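# Coordinate analysis (summary)
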Amino acid sequence: MTQLDPHTPLSRRAVLGGGMALGAATLGPAPAFAHGKGGPHHPPHGGDRETLLRWTRDTWASMVAMTDEGTGLVSDNITGDLSTPGLYTSPTNLGGYLWSTIVARDLRIISRGEATRRIRQTLRTLDGLEHHEPSGMYFNWYDPRDGSVITEWPESGDPVVPFVSSIDASWLGAALLVVRNADPANRRLAGKMFDRMRFDVFADPTFSKPYLMYGGFYLEEPTRLLEPPATEARDLIGAGEPVWYTADHHYDTIVSETRITTYLAIAKGQIPPEAYYQAWRTFPPEWDWPEMPPVGQWRSYLGVDVFEGAHDYYGMLTVPGWGGSMFEELMPAVFVPEDTWAPDSWGRNHPNHVATQRLHGMEEYGYWGFSPASHPAGGYAEWGVEALGLRTDGYFSDIEQTDYRWDQPKPDYGDGVVTPHAAFLGMMFEREEAVDNLRRIEEDFDCYGPGGFYDAVATGSGQVAQRHLSLDQAMIMGALGNVLDRGMLQRYFVRGEVEAQLRPVIAPEEFGAST
């Protein structure tokens, strides 16, 4: 199993969120669609609601335990007993804490006064942190105890060169936008920090597919790293000083958490709308190395030719991501009502992806929900449904890394690993199925503690990763906020410039295998 150390140059989520040259596909004219019985705009009632509120309260408790009382900065992770938080944090983690606080407030888990105080403390600390001032972007690793930039990894002493990650910056930006629109008491400060963010600093207009996003940049050539990556010195926004971009790393798949970066840059008018259509849906059919051959056709939007392809798995035509994980597909949908704004693309793909994950998981393991998270035996790993990804060696759904081949008989899978946050994301489209799945996971495994569900469960051996990652907990909070309060975070995020600028861009697309 591929495992990633927390001090990898890009954030773990940034590395997993998209390939170096990858894409996602689309659906046919009459595909098998999975219509969930729930959805973020149809909240549950009765016993389901009480169960969801209990899960929300406990998940929030883990966020509180991870947050330093002096700085208001949340740690990256904490042990399952909520006693030992990690010694590092990232912009994504900080953003997740901010939007989780809004969810906790609106679901009346905490008072409005407490929410305002928590958000104000975090924003004031954040506003004073060292960062890349020309772009308004923050570095990837800070010490949550004092807000200092991490230059040596706490556990090993290995060197860390300050890095600005495009996806981590974007999740913080998304959170600042939510706070600006949701919390009048903190609107000015959140708005100030959001307004100064230059997402075009990540967009490469010279790339073969213009305006795809770099993985990020260093402020100095990262020669001190133990394995220095390939970089190129450039000054893309005319700041007067070059930075060192990830030369071999552009995000170029549409089914990826990284599309939130493109969304924010378009919403702020920093890149042209056609940038959205530059990312791959699937690779063209003549490319013979991806996970399976796609079916599809070419279409044109805003002057960009797009191959609208799909993978056929469990009889459903689904646009794949790089690895086939739930958070690649659905994390941006926590904030953008993609299925409503683009019914012929995301309105098809989100339900199909969730249904396919469910069918795969139920047939092979009896449980479902696969996304990068902790490894039950320790460390971090990439979990997914391989057939929903373009990467040939896949994100695997079991510890044994059982390889799926579209042109071979179905393999016998081993010890499957489900990740609760993935099922919570899926709840936005299959509420009843997700609630049932999570109830059974809670009942059948020793996987629930004072901070809610632990991060990952091996369904065959019963081994559990007894810790919480703050981003995974924040995804749970965001999904529950949407399910329990009719698209709560979506409503806050899209107020103002986002809907006006972004909705007309994504609305026309049709994911389809044929006419």
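Remember, it's a predicted structure, so these values are computed and weren't measured experimentally.

### Details of the sheet that holds strand β12 (residues 304-313)
Taken in spatial order, the 3 strands of this open sheet run β11-β12-β13, and their pairing is antiparallel. Pairing within the sheet leaves two strands with one partner each, and these edge strands are β11 (295-301) and β13 (316-318). With strand direction ignored, the average angle separating the axes of adjacent strands in the sheet is 30°. Sheet analysis places β12 next to β13, joined by 3 bridges and oriented antiparallel. Paired with His311 across the two strands is Thr318, which belongs to β13.

### Describing the side chain of His353
The residue His353 is located in helix α10 (residues 346-364) in this model. Residue contacts for His353: discarding those within four places in its chain leaves Thr318, Gly324, Ser325, Met326, Glu329 and Leu388.

### Focus on the pattern of salt bridges
Tallied over the full model, the rule gives 24 salt bridges. Of the charged contacts, one joins Asp485 and Arg491 as a salt bridge, the two residues approaching to 3.5 Å between their closest N and O atoms. Among the residues examined, Asp485 registers a relative accessible area of 24% and is labelled partly exposed. On the accessibility criterion, Arg491 (34% relative accessible area) is partly exposed. Each of Asp127, Lys192 and Arg196 takes part in one network of salt bridges that share partners.

### A short note on the sheet that holds strand β20 (residues 464-465)
The strand order β16-β19-β20 describes an open sheet built from 3 strands, whose pairing is antiparallel. Each having just a single partner strand, β16 (417-418) and β20 make up the two edges of the open sheet. In the sheet, β16 pairs with strand β19 (residues 456-458) via 2 bridges, with the strands oriented antiparallel. Bridging across to β19, Val418 finds its partner in Val457.

### Focus: helix α7 (residues 259-267)
Counting buried positions along α7 yields 9 of 9 residues, so the element is predominantly enclosed. Taken together, the buried positions of α7 are Arg259, Ile260, Thr261, Thr262, Tyr263, Leu264, Ala265, Ile266 and Ala267. The first or second residue beyond α7 is Gly269, which carries a positive phi of 70°.

### As for the nonpolar core
Among the nonpolar cores identified, the biggest contains 136 residues, and Leu176, Met427 and Phe493 are the most heavily contacted of them. Tallying contributions element by element places helix α5 (residues 166-182) first for this core, with 11 residues. In contact with Leu176, other than residues within four places in its own chain, are Leu98, Leu123, Leu126, Ala190, Met193, Phe194 and Met197. Residues Ala373, Val417, Ala458 and Ala465 belong to the second largest nonpolar core, which totals 7 residues.

### What about the packing of aromatic side chains?
Within the structure shown, the criterion is met by 31 aromatic pairs. Between the aromatic rings of Trp99 and Trp171, the centroid separation amounts to 6.3 Å while the plane-to-plane angle is 65°, which identifies the pairing as edge-to-face. With a gap of 72 residues between them, Trp99 in helix α3 (residues 91-106) and Trp171 in helix α5 connect regions that are remote in the sequence. Given a relative accessible area of 1%, Trp99 falls into the buried group. Taken together, a centroid distance of 5.3 Å and an interplanar angle of 75° make the contact between Trp346 and Phe511 edge-to-face.

### Observations regarding unusual backbone geometry
In this structure, Tyr211 is a non-glycine residue whose phi angle is positive, near 75°. Along the chain, the position of Tyr211 falls in the loop between β5 (203-204) and β6 (212-214). Taking relative accessible area as the criterion, Tyr211 reaches 28% and is therefore assigned partly exposed. Even without glycine at this site, Arg486 takes up a positive phi of about 50°. Note that Arg486 resides in the loop between α13 (470-484) and α14 (488-494). What makes Arg486 partly exposed here is its relative accessible area of 48%.

### Things to note about α3
An ideal rise of 1.5 Å per residue puts 22 Å on 16 residues; α3 measures up with 23 Å between its terminal C-alpha atoms. Once α3 finishes, Arg108 follows within two positions and takes phi at roughly 65°, a positive value.

### A closer look at the confidence of the model for the protein chain
Mean pLDDT over the protein chain stands at 91; residues scoring 70 or higher make up 90%. Confidence over residues 1-39 falls short of pLDDT 50; this stretch has 184 contacts with residues more than four positions distant or in other chains.

### Things to note about the packing of α5 against helix α6 (residues 187-195)
Contact geometry for α5 and α6: axes closest at 8 Å, N-to-C directions at 145°. For α5 against α6, the interelement crossing comes out left-handed. Residue-level inspection shows Gly173, Leu176, Leu177, Val179, Arg180 and Asn181 of α5 in contact with α6, the latter providing Arg187, Ala190, Gly191, Met193, Phe194 and Asp195. Partitioning the contact of α5 with α6 into residue classes produces 6 nonpolar, 3 polar and 3 charged.

### Considering the pairing of β12
By the criterion of burial, β12 is predominantly enclosed, with 8 of the 10 residues buried. Inspection of the sheet shows β11 paired to β12 by 7 bridges, in the antiparallel sense. Bridge pairing links Gly296 to Gly309 in β12. Between β11 and β12, which pair antiparallel one after the other, the connecting turn spans 2 residues, and Leu302 there sits at a positive phi close to 50°. Between β12 and β13, which pair antiparallel one after the other, the connecting turn spans 2 residues, and Tyr314 there sits at a positive phi close to 55°.

Here is what the cut-offs are and how they apply
- Throughout this description, residue numbers start from 1 for each chain and increase along the sequence as written.
- The model is predicted, so local features are restricted to residues of pLDDT at least 70 and side-chain atom pairs to those at 80 or more, both for listing and for counting; the totals for chains, interfaces and linings are taken over all residues.
- In computing side-chain properties, one takes all heavy atoms of the structure into account and sets aside hydrogens as well as water.
- At least two bridges found by DSSP between two strands are what make those strands a pair.
- Think of it this way: any DSSP run of H or I at least four residues long counts as a helix, any run of E at least two long counts as a strand, and we number them from the N terminus.
- Interaxial angles span 0 to 180 degrees and are taken between N-to-C directions of axes, which are lines fitted to C-alpha atoms, for helices over the stretch in contact.
- Should any heavy atoms of two residues lie within 4.5 Å, those residues are counted as being in contact.
- What makes a salt bridge here is a side-chain nitrogen of Lys or Arg within 4 Å of a carboxyl oxygen of Asp or Glu, nothing more.
- Buried, partly exposed and exposed residues are distinguished by accessible area as a fraction of the type maximum, computed with a 1.4 Å probe on protein chains only: under 20%, between the cut-offs, and over 50%, respectively.
- Definition used in this section: a nonpolar core is a set of buried Ala, Val, Leu, Ile, Met, Phe, Trp, Tyr and Cys residues joined via side-chain atoms within 4.5 Å.
- Two rings belonging to Phe, Tyr or Trp (six-membered ring only in the last case) form a pair when the distance between their centres is within 6.5 Å. Interplanar angles under 30 degrees mark stacking, angles over 60 mark edge-to-face geometry, and anything in between is tilted.
- Residue count minus one, scaled by 1.5 Å, sets the expected span of a helix.
- The predictor rates its confidence in each residue with pLDDT, a number between 0 and 100.
- When the near helix sits turned anticlockwise from the far one by under a right angle, the crossing is termed left-handed; a clockwise turn instead gives a right-handed crossing.
- Ten residues, namely Ala, Val, Leu, Ile, Met, Phe, Trp, Tyr, Cys and Pro, are considered nonpolar, four, namely Asp, Glu, Lys and Arg, are considered charged, and the remaining ones, Gly among them, are considered polar.

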